[in-house]
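Single-letter residue listing:
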Amino acid sequence: MNRFTRRIGAASARRPWVTITAWAVALLFVLPLAGTVGGSFVDDLVAPGSQSERAMELLKKRFPEASGGSAMAVFAAPEGERLERHQPAIDAAVARIADVEHVATVTDPFTAGTVSSDGRIGFAEMTFDVPAMDVDPEQLEALADAIEPARGDGVAAELGGDAIFINAETETTGTEAGGLLAALVVLVVAFGTIVAALIPIALALVAVAAGLSGIVLLANTMDVSTAAPTIGAMIGLGVGIDYALFIVARYRENRAAGQDNPNALANAMGSSGAAVLFAGGTVVVAMAALALTGVGFLASIGLSTSLVVLFAVGTALTLLPALLSLLGERIDTGRLVGRRRRVKRAGRAKRAEDTAWWRFAHRVSGRPWPYLIVATVALLALAAPALRMETGFPDAGNDSTTTTHRRAYDLLAEGFGPGFNAPLLIVADLRSPGVDARAIPALSQRIAADPGIAMVGEPRTSPAGDIVVLPTLPTTAPADAETSETLQRVRDLVPDNVAVSGLTAMTEDLTQQLSDTLPVFISAILAASFLLLMLVFRSIAVPLKAAMVNLLSIGGAYGVVVAVFQWGWLKDLFGLENTFPIVSPLPTIFFAVLFGLSMDYEVFLLSRVREEYDATGDTVESVARGMAATGRVITSAALIMTVVFLGFVANPSPLTKMMGLGLATAIMLDATIVRMVIVPAAMALMGQANWWLPHWLGRRPPRIRVESADAPHEPAPVLTNTPGSS
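Each value, and the rule that gives it
- Residues numbered from 1 in each chain as written.
- Predicted model: local features only at pLDDT ≥ 70, side-chain atom pairs only at ≥ 80, totals over all residues.
- Heavy atoms only, no water.
- Axes fitted to C-alpha atoms, helices over the stretch in contact; angles between N-to-C directions.
- Helix = DSSP H or I, 4+ residues; strand = E, 2+ residues; numbered from the N terminus.
- Left-handed = near helix turned anticlockwise from the far one by under 90°.
- Contact = heavy atoms within 4.5 Å.
- Nonpolar A, V, L, I, M, F, W, Y, C, P; charged D, E, K, R; others polar.
- Pairing = 2+ DSSP bridges.
- Patch = residues over 30% accessible without salt bridge, like charges linked within 9 Å, V, L, I, M, F, W, Y side chains within 5 Å.
- Areas by Shrake-Rupley, 256 points an atom, 1.4 Å probe, with all protein chains shown as cover.
- Salt bridge = Lys/Arg side-chain N within 4 Å of Asp/Glu carboxyl O.
- Core = buried A, V, L, I, M, F, W, Y, C linked by side-chain atoms within 4.5 Å.
- Buried < 20%, exposed > 50% of the residue type's maximum accessible area, 1.4 Å probe, protein only.
- Bend = angle between axes of the 7 residues up to and from the residue.
- Polar contact = N/O pair within 3.5 Å; in protein donor to acceptor, adjacent residues only side chain to side chain.
- Parallel < 35°, antiparallel > 145°, perpendicular 65-115°, else oblique.
- Expected span 1.5 Å × (residues − 1).
- Lys, Arg positive; Asp, Glu negative; His and termini not counted.
- Charge placed at Lys NZ, Arg CZ, Asp CG, Glu CD.
- Phe/Tyr/Trp six-rings, centres within 6.5 Å; stacked < 30°, edge-to-face > 60°.

Engineer: Looking at this structure, how should I read the packing of helix α17 (residues 368–383) against helix α25 (residues 654–686)?
Structural biologist: The axes of two packed helices give the description: the angle between them and the distance between them. Where α17 contacts α25, the axes come no closer than 9 Å and their chain directions differ by 140°. As for how α17 packs across α25, the hand of that crossing is left-handed. On α25, the residues that touch Pro 368, Trp 369, Tyr 371, Leu 372, Ala 375, Thr 376, Leu 379 and Leu 382 of α17 are Leu 669, Ile 673, Val 674, Val 677, Ile 678, Ala 681, Ala 684 and Leu 685. Partitioning the contact of α17 with α25 into residue classes produces 15 nonpolar, one polar and no charged.

Listed below in structure tokens is the structure:
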């Protein structure tokens, strides 16, 4: 592997302008293409094989009028007034709604009787001739314009319902750019020069631009989740900056050791470049494994994120060496004040033994048990809240009050009760054995008698008379645990030819499927990572240790997210208006992303440790030298990822907010407690067993190396213009 990346880097460095032009042409081609033929994003919240999916498929085939999406225009008169006073303006709004494309029917709140008992709140129910997930932003904008007459008459007019909530576009806050600015500051401090700091930022932006364009094009061939671009950009920025940082740091380290520019670059590509390729491949494997869940929108997130990561690896292995070959000595242009004299005085490099990281590694290795126990207990304490994790899908009531669907949700709950926002569809297939048409009234009465059901509406029968739909309202809100219990009781009492669907039932089925598949998913990723690390490091202990410590850092992130979002600890600090369950897909997405990213640091540190071990044969010293050479870089990389991820915490989307905080927490824990305390302590305790591989096993698998075996080994120098030197 190291020879492969060395050759790629050398080819790019020999023809830098060709490489740069190729990337520029590719971007100029893919960006306009994405804007013209790219698809739109949609969240397919269907659990394959579930009861809710079967019911919806049945409606699409034999009763399409009942399978179309629905929404509501909600009107509320000022306090102390009745809605009838504003009837002309509301009638005008309803008439305009009827003219919007794909609106099949719309009811008048006064003739349909959909006005609250106090006469202040009412709604016009609309149905679409397409499924709720296929209502596009243009229709939503047209609906927003249609209700303006009511607003102009002093009535609060909002849009709510499943179709509005599912397709609402999440607003950005601009804090993502703040994360990039913070990352630039960290890079400037880490490298000590402006030019060296700008290169990783530039490469990350190129990778994200290309990756997001690819995601838009992917959306033209398959259903891609609305969360995919945000998650792809989040991960792409983090790994794009980090991958370039590791290679640039190794390149400058080689130059500080006296190597000329071509050799310094070639050796950096043969060592850190190979680690980048392996680490990026690990992230891609982890994200692609989301397809194992069988859930369409998770698979689309995995494929989309993998695409961005591949572009990040591609820029690091090709575009970066081209830029470095052109810059040459100018890589140190824009040095910070005071750094120039220090570099001259120190001879631009110093021994590993003179660094705080080397001394700290020996301190941990000297007393491994206390450090290992304290660090493990700390991570277990952080992970403890995860034992009480409650998962579910956020409803419109969890969104910001700045959104129209949240305001509509609140008005409907005020006027008609919280269960009005959690409608269920009871679908009876009269062609199958079970309940028949004559027994429908009795079935309706049995369902209405359940204490969790507020109302069962009038039955709707298909034109062929073979499908009956009973619209049903529970007494509790969509995300309440009582609603899940009510759904299960209703399913238990209906016969085999009756199924329960609707958005609430669909998300409940999806939550259950994700819970059932999570152990299989985790096992698959652990097995794949174990095999990959075993091939690279020719060891049994190293991949086992990596799996265990990664589980600790991921568990700590789970615990922090539960404490903040579910329990409400420090919720004001993170701009949360209330608490809510952990978004069901989050544990699965978390594990894929965090395991992939944490393996990055594992590979970068252990590849350097193995490099030193091959030269010295001393386990403790090799760990100390490996930490001395990579400690500052890994810390800087982790700090960059942390600030980038924290930039997404201000996003209004609960999923994005949780992702940002969880990723930032896990990266911080992984790069500090795990990588700098648990790893050296565990490796000191295992000694020579770290690199043990049974002889019979060592002969069978292919050998993959990320160490620069063909480069001359020198004592690891450490740049003097990185933070933390001592």
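Let us keep going from here.
Engineer: Where do I start with the sheet that holds strand β2 (residues 103–106) in this structure?
Structural biologist: As a general point, the strands of a sheet are linked pairwise by backbone hydrogen bonds and lie either parallel or antiparallel. In space, the four strands of this open sheet follow the order β2-β3-β1-β4, with antiparallel pairing throughout. Strands at the two margins of the open sheet, each flanked by one partner only, are β2 and β4 (156–160). Between one strand axis and the next, the sheet turns by 25° as a mean value, whatever way the strands run. Along the sheet, helix α5 (residues 87–98) contacts β1 (70–76), β2 and β3 (121–128); its crossing angle with β2, the most-contacted strand, is approximately 155°. The sheet strands contacting helix α7 (residues 137–146) are β2, β3 and β4, and the helix crosses β4 at an angle near 160°.

Engineer: Explain a nonpolar patch on the surface here, please?
Structural biologist: A cluster of nonpolar side chains, contributed by Trp 369, Ile 373, Val 377 and Leu 685, occupies part of the molecular surface with about 400 Å² of accessible area. Per-element tally for the nonpolar patch: the top contributor is α17, with three residues. Looking at the secondary structure, you find Val 377 in helix α17.

Engineer: So what exactly am I meant to see when it comes to the nonpolar core here?
Structural biologist: In summary, soluble globular proteins display a tendency toward joint burial of nonpolar side chains. Of all hydrophobic cores here, the largest spans 200 residues; its most connected members are Phe 75, Phe 645 and Met 659. Residues within four places of Met 659 in sequence aside, it is in contact with Ile 231, Met 234, Leu 586, Ile 589, Phe 590 and Val 593. The next biggest cluster of nonpolar side chains, apart from the first, holds 17 residues, and it includes Ile 426, Ile 447, Ile 453 and Val 490.

Engineer: Honestly, the pattern of salt bridges in this entry has me stumped. Any pointers?
Structural biologist: This structure, assessed with the given rule, holds 28 salt bridges. With a closest N to O distance of 2.9 Å, Asp 614 and Arg 610 form a salt bridge. Of this pair, Asp 614 and Arg 610 are both found in helix α23 (residues 586–616), four residues apart, which corresponds to roughly one turn of the helix. Residue classification places Asp 614 among the partly exposed positions, given a relative accessible area of 42%.

Engineer: Which parts of the structure should I look at to understand helix α24 (residues 619–646)?
Structural biologist: Think of an α-helix as 3.6 residues a turn; residues three or four steps apart then line up on the same face. The largest bend in α24 amounts to roughly 50° and is located at Thr 630. Most of α24 is tucked away: 24 of the 28 residues are buried. Between a side-chain oxygen at the N-terminus of α24 and the backbone nitrogen of Val 620 the separation is 3.1 Å; the capping residue is Asp 618.

Engineer: Explanation requested: the packing of helix α13 (residues 261–288) against helix α21 (residues 503–537) in the structure shown.
Structural biologist: Contact geometry for α13 and α21: axes closest at 10 Å, N-to-C directions at 160°. As judged from the angle between their axes, α13 and α21 are roughly antiparallel. Taken as a pair, α13 and α21 cross one another with a handedness that is right-handed. For the pair formed by α13 and α21, the contact residues are Phe 278, Val 285 and Ala 286 on the first element and Phe 521, Ile 525, Ala 528, Leu 532, Leu 533 and Val 536 on the second. The class makeup of the residues in the contact of α13 with α21 is nine nonpolar, no polar and no charged.

Engineer: Please clarify how unusual backbone geometry should be interpreted in this entry.
Structural biologist: In most cases, non-glycine residues show a negative phi, while peptide bonds are predominantly trans. Phi is positive for Arg 538, which is not a glycine, with a value near 50°. Using a relative accessible area of 10% as the deciding quantity, one classes Arg 538 as buried.

Engineer: It is not clear to me how helix α18 (residues 404–416) should be interpreted in this structure. Could you clarify?
Structural biologist: Across its 13 residues, α18 extends 18 Å between first and last C-alpha, which sits within 8% of the 18 Å expected from 1.5 Å per residue. Turning to α18, its buried residues number three or more, namely His 405, Arg 406, Ala 408, Tyr 409, Leu 411 and Leu 412. Where the residues of α18 are buried, they touch β1, β3, β4 and α9 (162–167). Positive backbone phi, approximately 100°, marks Gly 417, located one or two places after α18.

Engineer: Could you clarify how one ought to interpret a negative patch on the surface in this entry?
Structural biologist: On the surface, Glu 101, Asp 129, Glu 138, Glu 141 and Asp 145 cluster together into a negatively charged patch. Turning to its location among the elements, Asp 129 is positioned in the loop between β3 and α7.

Engineer: Whenever I open this one, the environment of Gly 575 confuses me. Can you help?
Structural biologist: Structurally, Gly 575 can be placed in the loop between α22 (541–566) and β12 (582–583). Overall, Gly 575 belongs to the exposed group, its relative accessible area being 51%. As for Gly 575 and Ala 249, which are separated by 326 residues in sequence, their C-alpha atoms are 37 Å apart.

Engineer: In this structure, what is going on with the environment of Phe 191? I would like to understand it.
Structural biologist: Looking at where Phe 191 falls in the secondary structure, it is placed in helix α10 (residues 175–191). Residue class for Phe 191 comes out buried when judged on its relative accessible area of 2%. Sequence separation between Phe 191 and Ser 636 is 445 residues; the distance between their C-alpha atoms is 9.7 Å.

Engineer: Explanation requested: the packing of aromatic side chains in the structure shown.
Structural biologist: In this description, an aromatic ring pair is defined by two values, namely the gap between the centres and the angle between the planes. Going through the model one piece at a time under the given rule, you end up with 13 aromatic pairs. Ring centres 5.3 Å apart and planes at 85° place the aromatic pair Phe 123 and Phe 416 in the edge-to-face group. Of this pair, Phe 123 sits in strand β3 while Phe 416 sits in helix α18; the two residues are 293 residues apart in sequence, bridging distant segments of the chain. Pairing Tyr 558 with Phe 590 gives two aromatic rings, centres 5.8 Å apart and planes at 15°, and the pair type is stacked. Taken as a pair, Tyr 558 in helix α22 and Phe 590 in helix α23 lie far apart in primary sequence, 32 residues in all. Through a chain of ring-to-ring contacts, the aromatic side chains of Phe 123, Phe 416 and Phe 420 assemble into a single cluster.

None of the figures reported here should be taken as evidence of function without further support.
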